[in-house]
Amino acid sequence: MENTDSTNALTTPQNEDLTPLEQDVLDEYERLAENMKKLASLLDNMAGRPTAEILDGLRQLERKTNLVFTLLKASVYSIVLQQEIYSGDQGQEE
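Owing to the predicted nature of the structure, the values given are computational and were not obtained by experimental measurement.

Calculation criteria
- Residues numbered from 1 in each chain as written.
- Predicted model: local features only at pLDDT ≥ 70, side-chain atom pairs only at ≥ 80, totals over all residues.
- Heavy atoms only, no water.
- Helix = DSSP H or I, 4+ residues; strand = E, 2+ residues; numbered from the N terminus.
- Buried < 20%, exposed > 50% of the residue type's maximum accessible area, 1.4 Å probe, protein only.
- Salt bridge = Lys/Arg side-chain N within 4 Å of Asp/Glu carboxyl O.
- pLDDT = per-residue confidence, 0-100.
- Contact = heavy atoms within 4.5 Å.
- Patch = residues over 30% accessible without salt bridge, like charges linked within 9 Å, V, L, I, M, F, W, Y side chains within 5 Å.
- Areas by Shrake-Rupley, 256 points an atom, 1.4 Å probe, with all protein chains shown as cover.

Asks: How would you explain the overall build of the protein if you had to name every residue and give the values?
Replies: When you go through the protein residue by residue, the secondary structure sums to three helices and zero strands. The burial tally for the protein puts 4% of its 94 residues in the buried class.

Asks: Could you give an account of the pattern of salt bridges, naming the residues involved and the relevant values?
Replies: A full pass over the atoms with the stated rule returns three salt bridges. Salt-bridge contacts for Glu34 lead to Lys37; the nearest nitrogen and oxygen are separated by 3.8 Å. Highlighted residues: Glu34 and Lys37, both in helix α2 (residues 20-47), separated by three residues, approximately one helical turn. Residue classification places Glu34 among the partly exposed positions, given a relative accessible area of 39%. Across the pair Asp56 and Arg59 runs a salt bridge whose closest N-O atoms are separated by 2.9 Å. Note that Asp56 and Arg59 are positioned in helix α3 (residues 51-93) at a spacing of three residues, about one turn of the helix. Accessibility expressed as a relative area gives 42% for Arg59, which makes it partly exposed.

Asks: Run through the confidence of the model for the protein, naming residues and quoting values.
Replies: The predicted coordinates should not be examined in detail at positions where pLDDT is low. Overall, the prediction assigns the protein a mean pLDDT of 83, with 82% of residues at 70 or greater. Least confident of the elements in the protein is helix α1 (residues 5-11), whose mean pLDDT is 47; most confident is α2, at 92. Contacts for the low-pLDDT stretch residues 1-10, under 50 throughout, to residues beyond four places or in other chains number 11 contacts.

Asks: Describe a nonpolar patch on the surface, and please don't skip the residues or the numbers.
Replies: A grouping of Leu21, Val25, Tyr29, Leu32, Met36, Leu39, Leu42, Leu43 and Met46 is seen on the molecular surface, where their side chains present a nonpolar patch of about 890 Å² in accessible area. For Leu43, the location among the structural elements is in helix α2.

This is the structure in structure tokens:
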């Protein structure tokens, strides 16, 4: 949190009345305000994008997610089936 005296003087005209902690808090609020402005600008740009483009991206993501889910279910089913076969073999040996 290094700030130059010129930056502090610009952000608060009465910086000699503030403690270093108070000045740091004010500086953090200033950075937060700038980040919020950047976020608002980014969201504005995203809102301006065509809805069809966003929906196409979401459809692709959904297809990939469904494929992964299907492969996961098949893997789990395979493991369960192997365990049943293994436990069935163990029961016949006894």
